[in-house]
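# Architecture at a glance
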Amino acid sequence: HYSNDTNGDVNNSTLLGITSLSSSSSSSNTGGMIRLLRVENVLVEHGVPEGRSDALRLLKVDVEGYELRAFRGVNLTRFPFRYVTFEFFPEMIRSSSSNNGNDDDALDLLMLVRESGYICDYEKVVKGNTREKLTEWIGGIRGHVNIFCELE
């Protein structure tokens, strides 16, 4: 079952599915329906509403190996998000890279986020945060890791 709060007009909007949780109260139980909500599409480059610089709270990036290109397309210093999270999958980054399958793009991705003013959770594991230490850490990743970063 679907509940549609967009009155059937879904053009120029993004739909976000939210599964409701069942409740012991029958008045608030939606029976496990998924509600479709209209979410306004706003390009970050168009800016933030005046006086609402706090509106950019979370940036979630999951683009199957193209994270470096995505982060290069978002000016994180001009449009700082409080939190940034992304799936870090070195093998997919290598396969989408033009760098002959080496880890340069994966390393550049981590450095770009760090240079944009973010502290990431992997820094607790990688002591020193040098290119050499990061390259060693990247080489040891099998599969993917989710990286969570917070603006300093």
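For the structure itself, consult the block above.
Residues numbered from 1 in each chain as written. Predicted model: local features only at pLDDT ≥ 70, side-chain atom pairs only at ≥ 80, totals over all residues. Heavy atoms only, no water.

### Thoughts on helix H4 (residues 131-139)
All buried positions along H4 are accounted for by Leu134, Trp137 and Ile138. Taken end-on, H4 shows its buried residues confined to a sector of 100 degrees, consistent with a single buried face. Facing away from the buried side of H4 by over 90 degrees, the exposed positions are Glu132 and Glu136. If you follow the buried residues of H4, they end up packed against strand E5 (83-88), helix H2 (90-96), helix H3 (104-115) and strand E7 (145-151). (Buried < 20%, exposed > 50% of the residue type's maximum accessible area, 1.4 Å probe, protein only. Helix = DSSP H or I, 4+ residues; strand = E, 2+ residues; numbered from the N terminus. Arc of directions from axis to C-beta. Contact = heavy atoms within 4.5 Å.)

### Regarding the nonpolar core
Counting residues in each nonpolar core, the largest one holds 29 residues, and the members touching the most others are Phe71, Phe86, Phe88, Leu110, Trp137 and Ile147. For this core, the elements supplying multiple residues, two or more each, are strand E4 (58-61), helix H1 (67-73), E5, H3, strand E6 (118-120), H4 and E7. Looking at this core element by element, the count peaks at 6 residues for H3. (Core = buried A, V, L, I, M, F, W, Y, C linked by side-chain atoms within 4.5 Å.)

### A closer look at H3
Across its 12 residues, H3 extends 16 Å between first and last C-alpha, which sits within 8% of the 16 Å expected from 1.5 Å per residue. Within the sequence span of H3, burial applies to Asp105, Ala106, Leu107, Leu109, Leu110, Met111 and Val113. In the core, the buried residues of H3 are packed alongside H1, E5, H2, E6, H4 and E7. The first or second residue beyond H3 is glycine 117, which carries a positive phi of 100 degrees. (Expected span 1.5 Å × (residues − 1).)

### Thoughts on the pattern of salt bridges
Within the structure shown, the criterion is met by 5 salt bridges. Between arginine 114 and glutamate 123 there is a salt bridge, with its nearest N and O atoms 3.5 Å apart. The exposure class assigned to arginine 114 is partly exposed, which follows from its relative accessible area of 24%. Between arginine 114 and glutamate 152 there is a salt bridge, and its shortest N-O distance comes to 3.2 Å. Separated by 38 residues along the polypeptide, arginine 114 in helix H3 and glutamate 152 in the segment after E7 bring together distant segments of the chain. What makes glutamate 152 exposed here is its relative accessible area of 61%. (Salt bridge = Lys/Arg side-chain N within 4 Å of Asp/Glu carboxyl O.)

### As for the sheet that holds E5
One open sheet holds the 4 strands; their spatial order is E4-E5-E7-E6, and the pairing between them is mixed. Where the open sheet ends on each side, the last strands, each with one partner, are E4 and E6. Pairwise comparison of adjacent strand axes, ignoring direction, gives a mean angle of 20 degrees for this sheet. Along the sheet face, H3 touches E5, E6 and E7 and points at about 175 degrees away from the line of E5. (Pairing = 2+ DSSP bridges. Axes fitted to C-alpha atoms, helices over the stretch in contact; angles between N-to-C directions.)

### Here's the deal with unusual backbone geometry
Positive phi, close to 50 degrees, is recorded for glutamate 64, a residue that is not glycine. Relative to the helices and strands, glutamate 64 resides in the loop between E4 and H1.

### Focus: the pairing of E4
Consecutive side chains along a regular strand alternate between the two faces of the sheet. In E4, alternate side chains face the same way, and those of Leu59 and Val61 are buried while those of Leu58 and Lys60 on the opposite face are not. When E4 meets E5, the two strands line up parallel, connected through 4 bridges. From the neighbouring strand, leucine 58 faces E5, where its bridge partner is tyrosine 83. Each parallel crossover has a hand, and for E4 linked through H1 to E5 it is right-handed. (Right-handed = clockwise from strand over helix to strand, strands pointing away.)

So yeah, pure geometry; function would need other evidence.
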